[in-house]
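# Coordinate inspection notes
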Amino acid sequence: MSVDEKTVRRIAHLARIAVTDEEVPHLQGELNAILAFVEQLGEVNVDGVEPMTSVTPMVMKKREDVVTDGGYPDKIVMNAPVTEDHFFVVPKVVE
Amino acid sequence: MTDLLDLTLTDARDGLKARDFSATELAKAHLDAMEKARSLNAYVLETPERALAMAAESDARIARGEARPLEGIPLGVKDLFCTEGVRTTACSRILDDFVPPYESTVTAQLWRDGAVMLGKLNNDEFAMGSSNETSAFGPVVNPWRRKGSNAALVPGGSSGGSAAAVAARLCLGATATDTGGSIRQPAAFTGTVGIKPTYGRCSRWGTVAFASSLDQAGPIAKTVRDCAVLLASMSGHDPKDTTSVDVPVPDFEAAVTRGVKGLRIGIPKEYRVEGMPAEIEALWQKGAEWLKAAGAEIVDVSLPHTKYALPAYYIVAPAEASSNLARYDGVRYGLRVPGRDIVEMYENTRAAGFGREVKRRVMIGTYVLSAGYYDAYYLRAQKIRTLIKRDFETVYCGGVDAILTPATPSAAFGLAEMATASPVEMYLNDVFTVTVNMAGLPGISVPAGLDSQGLPLGLQLIGRPFDEETLFAAGQVIEEAAGRLTPPETWWA
């Protein structure tokens, strides 16, 4: 399978990465090289094979559904580019 | 005080205990060496004040007779581990000046045991790379050079700063992470020892995530024994990581001298890849002979799905990366580049903050997970992963204790030498190491000799799940038989 320029732009948008017109052909070439490389997986017979979902067979541990952490909003927002009164600030999303 | 730099971690531990020198002297010797070695670009942040404060505390504890297992041992930390109050970037512009308000479990355990932090080490951006050339801080220079040449070589990646710092004697050991070979390949390129433990042995909590089902922390150090000591401190169950496994941590150091008598070591024929340099083939042969001479039985084994591990990895790892890296959106931390609306703000931020290799992998991952392609790519790759794991299980069920392979298909290459290569050519560096991550197994890389140009080459041992002890025992046999490499001259200082 290979991707065309339109698909490259669509993937970039899905991945929320802005791409310039000059970048698109270059990215297209690189993505197609990788897709060509993984194409050989098609020759493996995977009938009846379960997908691997965990490296070590184990039951996922669960804990009590209680609050165990928190109460330090200063720390939570200390690395944010824009904040106001312990809130993260983003461009307006609702008209 | 150059001699302090030549000590192994365990020598230094003994010297501190005997009060031959202080933790402060040991830290200062390394801090001075780091300052003189800035041209190698191994450290992206030096933390001398923190180091001297921790060393002073160690000296006080030693004086009181309350030394902890790693008391006063100066270490470097890969910049993928969050360190409380100390800038952590994953060597990406997108994390900007991120200062974690918490400490990763792995580093917290090292400090709990008395180790001293010298600084943060360079790596490929988000650990995506095999040469440390994708770092936002620029490449690391390998302390090793070809005989009679001044050409700068790469240290391998992604833990290139960790490996170069250990090889250049800028720390006694370093933390590292390995998603497809990022501990073992740089260790092989720099004549150092590196172990990726079994998936789940070390907590991933507080380590910047790349591909969560493959990422695993481990040490890089000067000797097999040093790695055993560090891994013991880094390991153990952590309730904060649900994939961390609740099994006891064995006495790894005790396993180092166990020997290999009676062990069966497998040689997988599928690792004899086309175009493999004769020197590597010969070294592999020599490794098998050393183990045999030490009492192991060498048997031929087959891992038929080996060739599919790398292509399957390049579906699984980018898919998980595209999901993990979705968090870098310019809202909660790191870089933010404005846009007309929120989507444009996301797109501009991620375009400016991610480097080329990261963008490439996030886009591949996005594509293979997108509607209509999930079954053809991701699901198929995960099924192939089951087959790769099954190959190993069959061999181990047949009575094989560990598997011996080359660590890398070549010695270290030149800086920028791969600049015009396709991404896939760079990916081939991990052809011998990536199977181990796909199956979740432990793997160690041990220096085994020099090539005709005087560059280090490594051998890899792959173990059964949670049997790092056999790797330390067999690794020690190789280290003793090969003889420890004479470290490179300090041409950079």
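Residues numbered from 1 in each chain as written. Chains lettered and ligands numbered in written order. Predicted model: local features only at pLDDT ≥ 70, side-chain atom pairs only at ≥ 80, totals over all residues. Heavy atoms only, no water.

Under an unreviewed UniProt entry, chain B has the name Glutamyl-tRNA(Gln) amidotransferase subunit A and belongs to Chelatococcus albus. Per its UniProt entry, chain B bears the Catalytic activity (unreviewed entry) comment "L-glutamyl-tRNA(Gln) + L-glutamine + ATP + H2O = L-glutaminyl-tRNA(Gln) + L-glutamate + ADP + phosphate + H(+)". Regarding chain B, the UniProt comment filed under Subunit (unreviewed entry) reads as follows: "Heterotrimer of A, B and C subunits." (UniProt positions renumbered as here; feature names shortened; annotations may be inferred.)

Going by what an unreviewed UniProt entry lists, chain A is known as Aspartyl/glutamyl-tRNA(Asn/Gln) amidotransferase subunit C and is assigned to Chelatococcus albus. Under the heading Sequence similarities (unreviewed entry), UniProt records this for chain A: "Belongs to the GatC family." According to the UniProt record, the Subunit (unreviewed entry) comment for chain A is "Heterotrimer of A, B and C subunits."

Here we take up the overall build of chain A. Scanning chain A from N- to C-terminus turns up three helices and two strands. In chain A, the succession of helices and strands from N to C terminus is α-α-α-β-β. Taken over the C-alpha atoms alone, chain A extends approximately 55 × 45 × 25 Å along its principal axes. A sequence separation of at least 24 residues applies to 26% of the contacts in chain A between residues at least 6 apart. Approximately 6,700 Å² of chain A is accessible, and the part contributed by carbon and sulfur atoms is 55%. Taken as two groups, the 9 positive and 17 negative side-chain charges of chain A have centres that lie 6 Å from each other. (Helix = DSSP H or I, 4+ residues; strand = E, 2+ residues; numbered from the N terminus. Contact = heavy atoms within 4.5 Å. Areas by Shrake-Rupley, 256 points an atom, 1.4 Å probe, with all protein chains shown as cover. Lys, Arg positive; Asp, Glu negative; His and termini not counted. Charge placed at Lys NZ, Arg CZ, Asp CG, Glu CD.)

Our next topic: the pattern of salt bridges. Summed over all chains, the structure comprises 28 salt bridges over all chains. Of the charged contacts, one joins B:Arg360 and A:Glu30 as a salt bridge, the two residues approaching to 2.7 Å between their closest N and O atoms. Linking B:Arg360 in helix α13 (residues 356–369) with A:Glu30 in helix α2 (residues 23–38), this pair reaches from one chain into another. We classify A:Glu30 as buried; its relative accessible area is 10%. The closest approach of N and O atoms between B:Lys307 and A:Glu43, which form a salt bridge, is 3.3 Å. Linking B:Lys307 in the loop between β8 (297–301) and α11 (309–324) with A:Glu43 in the loop between α2 and α3 (73–77), this pair reaches from one chain into another. (Salt bridge = Lys/Arg side-chain N within 4 Å of Asp/Glu carboxyl O. Buried < 20%, exposed > 50% of the residue type's maximum accessible area, 1.4 Å probe, protein only.)

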